[in-house]
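Survey of secondary and tertiary structure
Single-letter residue listing:
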Amino acid sequence: MSLSQRFFAHTLAWGDDAQHRLYGDRKRQLFADLEGTVVEIGPGTGVNLPYLPGGLRWIGLEPNPRMHGYIQERLENRDLDATLRTDPAQDTDLPDDSVDAVISTLVLCSVPNVAATLTELRRILRPGGRLLFIEHVAAETHTPLCWFQHGIRPLWKAVADGCRPDRRTGAHLQRAGFSSVAIDRFHIGMPPVSPHIVGTATK
Ligand SMILES: C[S@@+](CC[C@H](N)C(=O)[O-])C[C@H]1O[C@@H](n2cnc3c(N)ncnc32)[C@H](O)[C@@H]1O
């Protein structure tokens, strides 16, 4: 376990309350009708667990083992059939068409290859299954925020566990082969991790 993984886990845990304030209402709405088997990629400290309906089979894929203690603690208060693994989102080791939904919040900015990761997530979703996401994305081109995201990227990537603030995740989702993609954009005013997208990609 590296020092940076430990540092990032502490930082994330410290920001959990702010996350509930910033994203709580959107998460309640997005996750309300989940059922069956749900894979969550990069659950971090388990900050989404309080928003999930009871009775789900939940598979968390969290490569940073330093996060697992936080997740286990949150799982103790939840009626979920839960499994926690370290497989990365781009190589889940799950069968084709085997899950009802995948959750990704603030993770697609960090995966090494977003197109390959979306291919893998689409592979494991059953036909009609949904990828539910909240992600921060690149700002409009030729804006000061866009230039700032480009400039700070190397430093940000180093201190924020591989996060790229200027990733065009919405465009990647649109061309990842899903049968439909619904995306809303919103701003929380926290550069460089702004604007955000929230939505659903259906297989
Ligand atoms: C910014 S945190 C977000 C955590 C949580 N989803 C949230 O909304 O607070 C990014 C998370 O993605 C995880 N992560 C990074 N690369 C990953 C990968 N390739 N596959 C799955 N998770 C990954 C990190 O360990 C971290 O927990």
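Residues numbered from 1 in each chain as written. Predicted model: local features only at pLDDT ≥ 70, side-chain atom pairs only at ≥ 80, totals over all residues. Heavy atoms only, no water.

**Brief notes about the site of the ligand**
- Surveying the vicinity of the ligand reveals 22 residues, the closest of which are Gln-19, Gly-42, Glu-62, Ala-89 and Thr-105.
- Take Gln-19: an N or O atom from its side chain is 2.6 Å from an oxygen atom of the ligand.
- Between the ligand and Glu-62 there is a distance of 2.6 Å, counted from an oxygen atom to a side-chain nitrogen or oxygen.
- Contact with the protein chains hides 92% of the accessible area of the ligand, taken as 600 Å² for the molecule alone.
- With respect to the pocket detection grid, the ligand is positioned in the largest pocket.
- Of the residues in the shell around the ligand, the class split is 13 nonpolar, seven polar and two charged. (Near = heavy atom within 4 Å. Polar contact = N/O pair within 3.5 Å; in protein donor to acceptor, adjacent residues only side chain to side chain. Areas by Shrake-Rupley, 256 points an atom, 1.4 Å probe, with all protein chains shown as cover. 1 Å grid on protein atoms, 1.4 Å probe; cavity = no way out; pocket = protein on both sides within 12 Å on 5 of 7 lines; lining within 4 Å. Sits in = over half its atoms within 2 Å of the grid points. Nonpolar A, V, L, I, M, F, W, Y, C, P; charged D, E, K, R; others polar.)

**Regarding the packing of aromatic side chains**
- In this structure the tally under the stated criterion is zero aromatic pairs.
- The lysine or arginine in question, Arg-26, covers the ring of Phe-186, its NZ or CZ lying 3.6 Å from the ring centre. (Phe/Tyr/Trp six-rings, centres within 6.5 Å; stacked < 30°, edge-to-face > 60°. Lys NZ or Arg CZ within 6 Å of the ring centre and 35° of its normal.)

**Brief notes about the side chain of Asn-64**
- Residue position: Asn-64 is located in the loop between β2 (57-61) and α3 (68-75).
- Beyond its immediate stretch of four places on either side in the chain, Asn-64 contacts Gln-5 and Ala-9. (Helix = DSSP H or I, 4+ residues; strand = E, 2+ residues; numbered from the N terminus. Contact = heavy atoms within 4.5 Å.)

**As for helix α1 (residues 3-14)**
- Taking 1.5 Å as the rise per residue, α1 with twelve residues should run 16 Å; its terminal C-alpha atoms sit 17 Å apart, in good agreement.
- Of all the positions in α1, only Gln-5, Phe-8 and Ala-9 are classed as buried. Mapping the buried residues of α1 onto a view down its axis gives an arc of 100°, with all of them on the same face. For α1, exposure combined with an orientation more than 90 degrees from the buried face picks out Leu-3, Phe-7 and Trp-14.
- Looking at the packing, one finds that the buried side of α1 touches α3 and α5 (144-159). (Expected span 1.5 Å × (residues − 1). Buried < 20%, exposed > 50% of the residue type's maximum accessible area, 1.4 Å probe, protein only. Arc of directions from axis to C-beta.)

**Quick look at the pattern of salt bridges**
- Under the definition given, this model contains eleven salt bridges.
- For Arg-123, the salt bridge goes to Asp-96, with nearest N and O atoms at 2.6 Å. Remark: Asp-96 occurs in the loop between β3 (81-85) and β4 (99-105) and Arg-123 occurs in helix α4 (residues 114-124); sequence separation between them is 27 residues.
- Between Asp-97 and Lys-203 there is a salt bridge, with the nearest N and O atoms lying 2.7 Å from each other. Taken together, the residues Asp-97 in the loop between β3 and β4 and Lys-203 in the segment after β7 (196-202) connect sequence positions 106 residues apart. (Salt bridge = Lys/Arg side-chain N within 4 Å of Asp/Glu carboxyl O.)

**Remarks on the sheet that holds β2**
- Spatial strand order, β3-β2-β1-β4-β5-β7-β6: seven strands in an open sheet with mixed pairing. Either end of the sheet is taken by a strand with one partner, and the two such strands are β3 and β6 (180-186). On average, each strand axis in the sheet is inclined to that of its neighbour by 15°, with strand direction left out of account.
- Sitting on the sheet, α3 is in contact with β2 and β3, with an inclination near 180° to β3.
- α4 rests against β1 (37-41), β4 and β5 (125-136) of the sheet, and its axis sits at about 140° to β5. (Pairing = 2+ DSSP bridges. Axes fitted to C-alpha atoms, helices over the stretch in contact; angles between N-to-C directions.)

**A short note on the pairing of β1**
- When you tally the buried positions in β1, you get five out of five residues, the bulk of the element.
- The alternating pattern of β1 places Thr-37, Val-39 and Ile-41 and Val-38 and Glu-40 on opposite faces, both of which are buried.
- In this structure, β1 lies alongside β2, joined through five bridges in parallel fashion. Counted as the bridge partner of Val-38 is Trp-58 from β2.
- In this structure, β1 lies alongside β4, joined through four bridges in parallel fashion. Note that in β4 the partner of Glu-40 across the bridge is Ile-103.

Shape is all these values report; function is a separate question.
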